[in-house]
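Residue-level listing of the chains:
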Amino acid sequence: MLFRQPDVRRVPPSGGRPGKVERTLAPLLMLLTGACAGAPQSAFQPLPSEQAVIQVAHPAFDPAATVDSIARDPRTGATWHVSEVNGDRALGAIVTSEMPPRQEAVRRPTEEAVRSIIPSRFRIAWGPAGEAAGPSGALSYRLFSMGQAEDGPTLACVAFSQRSGPPRDVLYGYLCRSGSRPLERDVAEDMLASISLARKR
């Protein structure tokens, strides 16, 4: 099943100069239940903010700059939500799914899930891992730095994925702020604590 990856927007580094993280669109391949290979392409459509499932209430991110979208797969009945969050010098992308009754989602390792929504030309340096409370179950997270190869790391980030919770749900993504120094654990966990989901079941 082919989806369109959320944008990665330009973010200035901590020195205030224009950043090197370019806005990009790239295809994203997701296997939802292990039986979706060859499924028809589903395009994400814009979603009004009042209908958004994913919410991030953190001062680094501006709700007015958030871009929400939705895709429904007619083959499996799954609904996918993507939230592209942005701030003055911060960005992120969060993906969640809702499977129909009697279907369970496949949860991939955090690194695999998040790497799939970041264009391959961005180099990732993985750091320490941990666990934190999430909006619908425990989250596994891993700190990382990201940047294009010629520039070195320009973003300090935390990748996360849902480790437990309702078997019909998937949640993963990353949140970043500008800077070459890695996030501290308490800063990363504060970002993760700001995520909430408004499930409509």
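Conventions and cut-offs
- Residues numbered from 1 in each chain as written.
- Predicted model: local features only at pLDDT ≥ 70, side-chain atom pairs only at ≥ 80, totals over all residues.
- Heavy atoms only, no water.
- Helix = DSSP H or I, 4+ residues; strand = E, 2+ residues; numbered from the N terminus.
- Buried < 20%, exposed > 50% of the residue type's maximum accessible area, 1.4 Å probe, protein only.
- Contact = heavy atoms within 4.5 Å.
- Areas by Shrake-Rupley, 256 points an atom, 1.4 Å probe, with all protein chains shown as cover.
- Pairing = 2+ DSSP bridges.
- Salt bridge = Lys/Arg side-chain N within 4 Å of Asp/Glu carboxyl O.
- Disulfide = S-S within 2.5 Å.
- Phe/Tyr/Trp six-rings, centres within 6.5 Å; stacked < 30°, edge-to-face > 60°.
- Lys NZ or Arg CZ within 6 Å of the ring centre and 35° of its normal.

(A) Structural view of the overall build of the protein. Helix and strand counts for the protein stand at two helices and twelve strands. Across the 201 residues of the protein, 49% fall into the buried class. Taking the intrachain contacts of the protein between residues at least 6 apart in sequence as the baseline, contacts between residues at least 24 apart amount to 62%. Element-wise, carbon and sulfur atoms account for 51% of the exposed surface of the protein, whose accessible area totals about 9500 Å².

(B) Examining the sheet that holds strand S9 (residues 137-148) more closely. In spatial order, the strands read S3-S5-S6-S7-S11-S10-S9-S8; together these eight strands make up an open sheet with antiparallel pairing. Since the sheet does not close on itself, it has two edges, and those belong to strand S3 (45-46) and strand S8 (122-134), each with one partner. With two bridges joining them, S3 and strand S5 (residues 67-72) adopt antiparallel strand pairing. Across the sheet, Pro46 pairs through a bridge with Ser69, a residue of S5.

(C) Region of the structure containing the pattern of salt bridges. Under the defined criterion, the tally for this structure stands at two salt bridges. The closest approach of N and O atoms between Glu112 and Arg108, which form a salt bridge, is 4.0 Å. Overall, Arg108 belongs to the partly exposed group, its relative accessible area being 21%. Close ionic contact of Glu111 with Arg142 constitutes a salt bridge, the shortest N to O distance being 2.9 Å.

(D) Quick look at the state of the cysteines. This model, assessed by the stated rule, comprises one disulfide. Note on cysteine connectivity: Cys157 is disulfide-linked to Cys176, with sulfurs 2.1 Å apart. One disulfide, between Cys157 and Cys176, carries an S-S torsion of 110 degrees and so falls in the right-handed class. Of this pair, Cys157 sits in strand S10 (residues 155-162) while Cys176 sits in strand S11 (residues 169-178), and the two are 19 residues apart along the sequence. On the basis of relative accessible area, Cys157 is assigned to the buried category, the value being 0%.

(E) Inspection of the packing of aromatic side chains at higher detail. For the structure on display, the rule yields one aromatic pair. Relative to Phe144, the ring of Trp126 lies with its centre 5.1 Å away and its plane at 55 degrees, an arrangement referred to as tilted. With Trp126 in strand S8 and Phe144 in strand S9, the pair connects residues that are 18 residues apart, well separated along the chain. Given the relative accessible area of 29%, Trp126 is considered partly exposed. Against the face of Tyr172 rests Arg108, its NZ or CZ located 5.8 Å from the ring centre.

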